[in-house]
Amino acid sequence: MATSRVLPLDETLARQRQACAALGSTLYARLLDGIAADVAAGGVCAAVLVPHAGDSVNSMLPLRFLGAVHRLVLDGRAPALAAQYPSAGGSPGPDLVGAFLATVADLRPEVEARLAHGVQTNEVGRSAALVGGYAEVARRSGLPLRVLEVGASAGLNLRWDRFWYDTGASTLGDPASPVRFTGVWAPGGSGPPDLAVPGGITVAGREGCDRNPLDPTTEEGRRTLRSYLWPDQVARRARLDAALAVAARVPARVTRADVGDWLGDRLASPATGRATVVVHSIVWQYILPASRDRMREALRRRGAAAGPEAPLAWLRLEPAGPVADIRLTWWPGGGEEVLGTAGYHGDDVVWGAPAA
(Lines give C-alpha, C1' and ligand atoms only; values in the text may rest on other atoms or scores of the structure.)
Protein backbone atom coordinates (compact mmCIF):
# COMPACT_ATOMS: atom_id res chain seq x y z
CA MET A 1 0.00 0.00 0.00
CA ALA A 2 1.11 3.54 -0.65
CA THR A 3 3.22 5.18 2.00
CA SER A 4 1.54 8.07 3.76
CA ARG A 5 1.26 9.64 7.16
CA VAL A 6 0.46 7.51 10.17
CA LEU A 7 -2.18 8.64 12.65
CA PRO A 8 -2.77 7.43 16.19
CA LEU A 9 -5.12 4.45 16.20
CA ASP A 10 -7.84 6.26 18.12
CA GLU A 11 -7.81 9.10 15.59
CA THR A 12 -7.90 6.66 12.66
CA LEU A 13 -10.99 4.98 14.13
CA ALA A 14 -12.65 8.32 14.87
CA ARG A 15 -12.10 9.59 11.34
CA GLN A 16 -13.55 6.41 9.83
CA ARG A 17 -16.49 6.57 12.22
CA GLN A 18 -17.24 10.11 11.07
CA ALA A 19 -17.00 9.08 7.41
CA CYS A 20 -19.32 6.10 7.85
CA ALA A 21 -21.89 8.23 9.65
CA ALA A 22 -21.70 10.92 6.95
CA LEU A 23 -22.19 8.30 4.22
CA GLY A 24 -25.26 6.83 5.90
CA SER A 25 -23.98 3.72 7.67
CA THR A 26 -25.27 3.99 11.22
CA LEU A 27 -24.33 0.34 11.79
CA TYR A 28 -20.65 0.90 11.09
CA ALA A 29 -20.70 4.17 13.04
CA ARG A 30 -22.01 2.25 16.08
CA LEU A 31 -19.47 -0.52 15.63
CA LEU A 32 -16.58 1.92 15.33
CA ASP A 33 -17.67 3.57 18.57
CA GLY A 34 -17.61 0.13 20.19
CA ILE A 35 -14.28 -0.80 18.61
CA ALA A 36 -12.69 2.45 19.83
CA ALA A 37 -13.96 1.82 23.37
CA ASP A 38 -12.68 -1.77 23.29
CA VAL A 39 -9.27 -0.62 22.06
CA ALA A 40 -9.09 1.95 24.86
CA ALA A 41 -9.97 -0.79 27.38
CA GLY A 42 -7.32 -3.15 26.01
CA GLY A 43 -9.85 -5.66 24.73
CA VAL A 44 -9.76 -8.05 21.79
CA CYS A 45 -9.89 -5.23 19.23
CA ALA A 46 -6.75 -3.78 20.76
CA ALA A 47 -5.04 -7.17 20.46
CA VAL A 48 -5.95 -7.34 16.77
CA LEU A 49 -5.44 -3.71 15.75
CA VAL A 50 -2.54 -2.39 17.85
CA PRO A 51 0.04 -4.45 15.88
CA HIS A 52 -1.16 -2.51 12.81
CA ALA A 53 -1.11 0.90 14.47
CA GLY A 54 1.84 1.90 12.30
CA ASP A 55 -0.03 1.25 9.05
CA SER A 56 -0.53 4.19 6.72
CA VAL A 57 -3.82 6.01 7.09
CA ASN A 58 -4.32 5.28 3.39
CA SER A 59 -4.33 1.55 4.06
CA MET A 60 -7.83 1.97 5.54
CA LEU A 61 -7.23 -0.25 8.56
CA PRO A 62 -10.75 0.20 10.02
CA LEU A 63 -12.39 -0.86 6.74
CA ARG A 64 -10.01 -3.80 6.39
CA PHE A 65 -11.01 -4.89 9.90
CA LEU A 66 -14.74 -4.43 9.34
CA GLY A 67 -14.52 -6.13 5.95
CA ALA A 68 -12.68 -9.13 7.45
CA VAL A 69 -15.45 -9.64 9.98
CA HIS A 70 -18.19 -9.06 7.40
CA ARG A 71 -16.66 -11.76 5.20
CA LEU A 72 -16.95 -14.26 8.07
CA VAL A 73 -20.60 -13.27 8.46
CA LEU A 74 -21.25 -13.85 4.75
CA ASP A 75 -19.42 -17.19 4.97
CA GLY A 76 -21.91 -18.33 7.62
CA ARG A 77 -19.21 -18.45 10.30
CA ALA A 78 -20.78 -15.89 12.67
CA PRO A 79 -24.54 -16.55 13.07
CA ALA A 80 -24.97 -14.34 16.14
CA LEU A 81 -23.52 -11.35 14.31
CA ALA A 82 -25.39 -12.26 11.10
CA ALA A 83 -28.60 -11.69 13.05
CA GLN A 84 -27.48 -8.06 13.44
CA TYR A 85 -26.41 -7.50 9.79
CA PRO A 86 -29.01 -6.57 7.14
CA SER A 87 -26.66 -7.98 4.46
CA ALA A 88 -27.22 -11.42 6.04
CA GLY A 89 -30.95 -10.95 6.62
CA GLY A 90 -30.61 -9.58 10.15
CA SER A 91 -31.44 -6.31 11.85
CA PRO A 92 -29.18 -4.26 14.17
CA GLY A 93 -30.23 -4.60 17.78
CA PRO A 94 -29.01 -3.36 21.15
CA ASP A 95 -26.36 -6.10 21.36
CA LEU A 96 -24.71 -5.25 18.02
CA VAL A 97 -21.38 -4.29 19.54
CA GLY A 98 -21.37 -7.24 21.93
CA ALA A 99 -22.01 -9.68 19.09
CA PHE A 100 -19.23 -8.09 17.05
CA LEU A 101 -16.68 -8.31 19.86
CA ALA A 102 -17.63 -11.91 20.58
CA THR A 103 -17.18 -12.79 16.90
CA VAL A 104 -13.73 -11.20 16.80
CA ALA A 105 -12.74 -13.11 19.95
CA ASP A 106 -14.07 -16.43 18.63
CA LEU A 107 -12.60 -16.11 15.13
CA ARG A 108 -9.56 -13.97 15.87
CA PRO A 109 -7.04 -15.97 13.76
CA GLU A 110 -9.20 -15.67 10.64
CA VAL A 111 -9.82 -11.96 11.26
CA GLU A 112 -6.10 -11.33 11.67
CA ALA A 113 -5.31 -13.25 8.50
CA ARG A 114 -7.79 -11.22 6.47
CA LEU A 115 -6.37 -7.92 7.75
CA ALA A 116 -3.54 -8.45 5.27
CA HIS A 117 -5.99 -8.01 2.39
CA GLY A 118 -6.54 -4.59 0.85
CA VAL A 119 -9.98 -3.02 0.62
CA GLN A 120 -11.79 -4.09 -2.57
CA THR A 121 -14.87 -1.93 -2.82
CA ASN A 122 -15.14 -1.65 -6.64
CA GLU A 123 -18.02 0.77 -6.16
CA VAL A 124 -20.10 0.79 -9.35
CA GLY A 125 -21.64 4.14 -8.51
CA ARG A 126 -18.39 5.82 -9.53
CA SER A 127 -19.25 5.12 -13.16
CA ALA A 128 -21.95 7.78 -12.86
CA ALA A 129 -19.27 10.33 -11.97
CA LEU A 130 -16.96 9.25 -14.79
CA VAL A 131 -19.49 8.78 -17.59
CA GLY A 132 -19.48 12.47 -18.48
CA GLY A 133 -15.71 12.26 -18.94
CA TYR A 134 -16.04 9.31 -21.30
CA ALA A 135 -18.63 11.26 -23.28
CA GLU A 136 -16.29 14.24 -23.47
CA VAL A 137 -13.43 12.08 -24.78
CA ALA A 138 -15.69 10.48 -27.41
CA ARG A 139 -17.00 13.89 -28.47
CA ARG A 140 -13.53 15.44 -28.81
CA SER A 141 -11.95 12.50 -30.58
CA GLY A 142 -14.79 11.15 -32.72
CA LEU A 143 -13.15 7.74 -32.22
CA PRO A 144 -13.96 4.44 -30.49
CA LEU A 145 -12.59 4.24 -26.96
CA ARG A 146 -9.86 1.95 -25.66
CA VAL A 147 -10.38 1.89 -21.87
CA LEU A 148 -7.45 1.01 -19.57
CA GLU A 149 -8.35 0.96 -15.87
CA VAL A 150 -5.64 0.86 -13.20
CA GLY A 151 -6.61 -0.51 -9.81
CA ALA A 152 -9.60 -2.17 -11.47
CA SER A 153 -10.36 -4.69 -8.70
CA ALA A 154 -12.98 -6.98 -10.29
CA GLY A 155 -13.35 -4.77 -13.37
CA LEU A 156 -17.00 -3.90 -12.77
CA ASN A 157 -16.51 -0.29 -13.82
CA LEU A 158 -14.87 -1.46 -17.04
CA ARG A 159 -18.43 -2.40 -18.10
CA TRP A 160 -19.60 1.20 -17.62
CA ASP A 161 -21.07 1.48 -21.12
CA ARG A 162 -23.39 -1.47 -20.42
CA PHE A 163 -25.10 0.47 -17.62
CA TRP A 164 -27.95 2.96 -18.13
CA TYR A 165 -27.63 6.69 -17.39
CA ASP A 166 -30.45 9.22 -17.51
CA THR A 167 -29.53 12.73 -16.41
CA GLY A 168 -32.97 14.10 -17.22
CA ALA A 169 -31.48 15.96 -20.20
CA SER A 170 -29.68 13.13 -22.02
CA THR A 171 -29.20 9.37 -21.80
CA LEU A 172 -26.48 6.86 -22.53
CA GLY A 173 -25.94 3.12 -22.31
CA ASP A 174 -28.14 0.05 -22.37
CA PRO A 175 -31.77 0.90 -21.58
CA ALA A 176 -32.36 -2.70 -20.50
CA SER A 177 -29.41 -2.78 -18.08
CA PRO A 178 -30.10 -3.75 -14.47
CA VAL A 179 -27.58 -1.06 -13.39
CA ARG A 180 -29.43 2.23 -13.70
CA PHE A 181 -28.42 5.75 -12.73
CA THR A 182 -31.00 8.49 -12.36
CA GLY A 183 -31.08 11.38 -9.95
CA VAL A 184 -27.37 11.24 -9.06
CA TRP A 185 -26.49 14.56 -10.73
CA ALA A 186 -26.94 17.29 -8.15
CA PRO A 187 -27.95 20.90 -8.84
CA GLY A 188 -25.19 23.40 -9.35
CA GLY A 189 -22.23 23.67 -11.65
CA SER A 190 -23.17 23.78 -15.31
CA GLY A 191 -25.99 21.25 -15.08
CA PRO A 192 -25.68 17.53 -15.83
CA PRO A 193 -23.12 16.33 -18.38
CA ASP A 194 -24.17 16.05 -22.01
CA LEU A 195 -24.20 12.32 -22.76
CA ALA A 196 -25.62 12.71 -26.28
CA VAL A 197 -22.50 12.12 -28.39
CA PRO A 198 -22.99 12.30 -32.18
CA GLY A 199 -22.75 8.77 -33.49
CA GLY A 200 -22.83 7.34 -29.96
CA ILE A 201 -19.94 5.86 -27.99
CA THR A 202 -18.20 2.63 -28.94
CA VAL A 203 -15.91 0.85 -26.50
CA ALA A 204 -13.47 -0.97 -28.76
CA GLY A 205 -11.37 -2.42 -25.94
CA ARG A 206 -11.57 -2.72 -22.18
CA GLU A 207 -8.94 -4.11 -19.82
CA GLY A 208 -7.50 -3.34 -16.44
CA CYS A 209 -4.93 -4.30 -13.86
CA ASP A 210 -4.83 -4.73 -10.12
CA ARG A 211 -2.33 -6.07 -7.60
CA ASN A 212 -5.01 -8.47 -6.36
CA PRO A 213 -7.72 -8.77 -9.02
CA LEU A 214 -11.01 -10.46 -8.20
CA ASP A 215 -13.06 -12.59 -10.57
CA PRO A 216 -16.68 -11.40 -10.43
CA THR A 217 -17.87 -14.56 -12.19
CA THR A 218 -16.88 -16.76 -9.20
CA GLU A 219 -18.57 -17.10 -5.83
CA GLU A 220 -15.27 -16.32 -4.09
CA GLY A 221 -14.90 -13.06 -6.00
CA ARG A 222 -18.51 -12.04 -5.48
CA ARG A 223 -18.44 -12.73 -1.75
CA THR A 224 -15.21 -10.77 -1.29
CA LEU A 225 -16.73 -7.77 -3.07
CA ARG A 226 -19.86 -7.98 -0.91
CA SER A 227 -17.79 -8.18 2.26
CA TYR A 228 -16.39 -4.69 1.71
CA LEU A 229 -19.83 -3.14 1.24
CA TRP A 230 -21.27 -1.76 4.44
CA PRO A 231 -23.90 -4.22 5.75
CA ASP A 232 -26.72 -1.72 6.21
CA GLN A 233 -26.42 -0.05 2.77
CA VAL A 234 -29.00 -2.15 0.97
CA ALA A 235 -29.14 0.02 -2.16
CA ARG A 236 -25.39 -0.36 -2.75
CA ARG A 237 -25.72 -4.13 -2.35
CA ALA A 238 -28.52 -4.21 -4.94
CA ARG A 239 -26.44 -2.15 -7.36
CA LEU A 240 -23.45 -4.45 -6.87
CA ASP A 241 -25.59 -7.51 -7.55
CA ALA A 242 -26.89 -5.87 -10.73
CA ALA A 243 -23.32 -5.12 -11.85
CA LEU A 244 -22.32 -8.71 -11.17
CA ALA A 245 -25.12 -9.81 -13.50
CA VAL A 246 -23.70 -7.53 -16.22
CA ALA A 247 -20.18 -8.88 -15.60
CA ALA A 248 -21.43 -12.42 -16.14
CA ARG A 249 -22.25 -11.63 -19.76
CA VAL A 250 -19.75 -8.86 -20.65
CA PRO A 251 -16.11 -10.02 -20.52
CA ALA A 252 -13.35 -7.70 -19.31
CA ARG A 253 -9.80 -8.83 -18.59
CA VAL A 254 -8.11 -7.68 -15.38
CA THR A 255 -4.44 -8.64 -15.10
CA ARG A 256 -2.52 -9.12 -11.86
CA ALA A 257 0.27 -6.57 -12.21
CA ASP A 258 1.93 -3.48 -10.83
CA VAL A 259 -0.02 -0.56 -12.24
CA GLY A 260 3.05 1.39 -13.35
CA ASP A 261 4.60 -1.54 -15.19
CA TRP A 262 1.30 -2.61 -16.74
CA LEU A 263 0.43 0.85 -18.00
CA GLY A 264 3.93 1.31 -19.41
CA ASP A 265 3.47 -1.85 -21.46
CA ARG A 266 0.00 -0.86 -22.69
CA LEU A 267 1.10 2.64 -23.71
CA ALA A 268 4.35 1.60 -25.34
CA SER A 269 2.76 1.69 -28.80
CA PRO A 270 0.03 3.97 -30.19
CA ALA A 271 -3.52 2.67 -30.62
CA THR A 272 -4.19 4.24 -33.99
CA GLY A 273 -7.86 4.81 -34.73
CA ARG A 274 -8.83 4.74 -31.05
CA ALA A 275 -8.91 7.22 -28.20
CA THR A 276 -7.09 5.63 -25.26
CA VAL A 277 -8.62 6.44 -21.85
CA VAL A 278 -6.53 5.69 -18.76
CA VAL A 279 -8.99 5.73 -15.88
CA HIS A 280 -9.09 5.14 -12.13
CA SER A 281 -11.38 5.97 -9.22
CA ILE A 282 -10.51 6.25 -5.50
CA VAL A 283 -7.38 4.20 -6.03
CA TRP A 284 -4.50 6.70 -6.05
CA GLN A 285 -3.98 6.42 -2.29
CA TYR A 286 -3.29 2.68 -2.61
CA ILE A 287 -0.66 2.97 -5.35
CA LEU A 288 2.96 2.88 -4.24
CA PRO A 289 4.89 6.11 -4.97
CA ALA A 290 7.31 4.38 -7.36
CA SER A 291 4.37 2.96 -9.31
CA ARG A 292 2.77 6.39 -9.46
CA ASP A 293 5.99 7.75 -10.93
CA ARG A 294 6.05 5.03 -13.59
CA MET A 295 2.41 5.76 -14.43
CA ARG A 296 3.12 9.46 -14.88
CA GLU A 297 6.15 8.74 -17.04
CA ALA A 298 4.17 6.31 -19.24
CA LEU A 299 1.44 8.93 -19.68
CA ARG A 300 3.97 11.65 -20.43
CA ARG A 301 5.73 9.59 -23.08
CA ARG A 302 2.57 8.48 -24.84
CA GLY A 303 1.05 11.93 -24.49
CA ALA A 304 4.05 13.54 -26.17
CA ALA A 305 3.47 11.31 -29.19
CA ALA A 306 -0.34 11.59 -29.22
CA GLY A 307 -2.13 12.98 -32.26
CA PRO A 308 -5.66 13.21 -33.68
CA GLU A 309 -5.48 9.60 -34.90
CA ALA A 310 -4.40 8.27 -31.47
CA PRO A 311 -5.31 10.72 -28.68
CA LEU A 312 -4.77 9.96 -25.01
CA ALA A 313 -6.95 10.87 -22.04
CA TRP A 314 -6.33 10.46 -18.32
CA LEU A 315 -9.69 10.39 -16.53
CA ARG A 316 -9.89 10.00 -12.77
CA LEU A 317 -12.09 10.41 -9.72
CA GLU A 318 -9.90 10.90 -6.67
CA PRO A 319 -10.23 12.39 -3.17
CA ALA A 320 -9.98 16.14 -2.82
CA GLY A 321 -11.17 16.79 0.73
CA PRO A 322 -14.82 16.08 1.59
CA VAL A 323 -15.61 15.22 -2.04
CA ALA A 324 -13.68 13.83 -5.00
CA ASP A 325 -12.59 15.73 -8.10
CA ILE A 326 -13.38 14.43 -11.59
CA ARG A 327 -10.30 15.38 -13.63
CA LEU A 328 -9.40 14.97 -17.28
CA THR A 329 -6.00 15.44 -18.89
CA TRP A 330 -6.04 15.42 -22.70
CA TRP A 331 -3.29 14.84 -25.22
CA PRO A 332 -2.28 16.24 -27.69
CA GLY A 333 -1.51 19.20 -25.50
CA GLY A 334 -1.60 17.78 -22.00
CA GLY A 335 -4.18 20.27 -20.76
CA GLU A 336 -5.82 19.34 -17.44
CA GLU A 337 -9.27 20.38 -16.28
CA VAL A 338 -11.64 19.65 -13.45
CA LEU A 339 -14.91 18.40 -14.94
CA GLY A 340 -16.81 18.34 -11.66
CA THR A 341 -16.98 16.83 -8.20
CA ALA A 342 -18.74 13.83 -6.67
CA GLY A 343 -19.11 11.88 -3.46
CA TYR A 344 -16.66 9.06 -2.91
CA HIS A 345 -19.28 6.48 -3.93
CA GLY A 346 -20.18 8.41 -7.09
CA ASP A 347 -23.28 10.12 -5.76
CA ASP A 348 -24.13 13.83 -5.76
CA VAL A 349 -22.24 14.53 -8.98
CA VAL A 350 -21.91 18.27 -9.59
CA TRP A 351 -20.86 18.71 -13.19
CA GLY A 352 -18.82 21.77 -14.03
CA ALA A 353 -18.08 22.45 -10.36
CA PRO A 354 -14.67 23.98 -9.52
CA ALA A 355 -11.95 21.90 -7.93
CA ALA A 356 -12.70 20.90 -4.36
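So, how was this worked out
Residues numbered from 1 in each chain as written. Predicted model: local features only at pLDDT ≥ 70, side-chain atom pairs only at ≥ 80, totals over all residues. Heavy atoms only, no water. Phe/Tyr/Trp six-rings, centres within 6.5 Å; stacked < 30°, edge-to-face > 60°. Helix = DSSP H or I, 4+ residues; strand = E, 2+ residues; numbered from the N terminus. Buried < 20%, exposed > 50% of the residue type's maximum accessible area, 1.4 Å probe, protein only. Lys NZ or Arg CZ within 6 Å of the ring centre and 35° of its normal. Contact = heavy atoms within 4.5 Å. Expected span 1.5 Å × (residues − 1). 1 Å grid on protein atoms, 1.4 Å probe; cavity = no way out; pocket = protein on both sides within 12 Å on 5 of 7 lines; lining within 4 Å. Points joined across faces, edges and corners; volume = space filled by probe spheres on them. Nonpolar A, V, L, I, M, F, W, Y, C, P; charged D, E, K, R; others polar. Polar contact = N/O pair within 3.5 Å; in protein donor to acceptor, adjacent residues only side chain to side chain.

We now examine the packing of aromatic side chains. Scanning the model with the defined rule gives six aromatic pairs in all. Relative to tryptophan 314, the ring of tryptophan 284 has its centre 6.1 Å away and its plane inclined at 50°; by these criteria the two rings are tilted. With tryptophan 284 in the loop between β7 (275-281) and α12 (289-304) and tryptophan 314 in strand β8 (residues 312-319), the pair connects residues that are 30 residues apart, well separated along the chain. Taking relative accessible area as the criterion, tryptophan 314 reaches 12% and is therefore assigned buried. One aromatic cluster is present, formed by Phe163, Tyr165 and Phe181 through successive ring pairs. The ring of tryptophan 330 carries the charged tip of arginine 140 above its face, separated from the ring centre by 5.6 Å. Of note, arginine 236 hangs over the ring of tryptophan 230, and the distance from its end group to the ring centre comes to 5.5 Å.

Moving on to the environment of valine 137. Here valine 137 lies in helix α8 (residues 126-141). Judged by relative accessible area, valine 137 falls into the buried class, the value being 0%. Along the chain, valine 137 and alanine 275 lie 138 residues apart, while their C-alpha atoms are 7.5 Å from each other. Discounting chain neighbours no more than four positions away, the residues touching valine 137 are Leu145, Ala275, Val277, Ala313, Leu328 and Trp330.

End to end, helix α4 (residues 61-74) covers 20 Å across 14 residues, agreeing with the expected 20 Å (1.5 Å per residue, within 8%). Judged by how many residues are buried, α4 sits mostly within the fold: 14 of 14 residues are covered. Among the residues trailing α4, glycine 76 stands out with phi positive, at a value near 80°.

Residue proline 332 follows tryptophan 331 across a cis peptide bond; omega there is 15°. Its place among the elements puts proline 332 in the loop between β9 (324-331) and β10 (335-342). The phi dihedral of methionine 60 is positive, around 55°, even though this residue is not glycine. Looking at the secondary structure, you find methionine 60 in the loop between α3 (44-49) and α4. The phi dihedral of serine 153 is positive, around 55°, even though this residue is not glycine. Along the chain, serine 153 falls in the loop between β1 (145-150) and β2 (164-166). Residue classification places serine 153 among the buried residues on the basis of a relative accessible area of 4%.

Reported here for the second largest pocket is a volume of approximately 190 Å³. Around the second largest pocket, the lining residues are Leu23, Gly125, Phe181, Val184, Gln233, Val234, Ala235, Arg236, Arg239, His345, Gly346 and Asp347. Broken down by element, the residue count for the lining of the second largest pocket peaks at four residues, all from helix α10 (residues 234-247). Among the residues making up the lining of the second largest pocket, the classes are represented as five nonpolar, four polar and three charged.

Let's shift gears to the side chain of threonine 329. Assignment of secondary structure puts threonine 329 in strand β9. In this structure threonine 329 comes out as buried when scored by relative accessible area, which is 4%. Engagement of the side chain of threonine 329 in a polar contact is seen with the side chain of arginine 316, the distance being 2.8 Å. In this structure, threonine 329 is in contact with Leu312, Ala313, Trp314, Arg316, Gly334, Gly335 and Glu336, ignoring residues within four places of it in sequence.

Without other data, these values stay purely geometric and don't point to any function.
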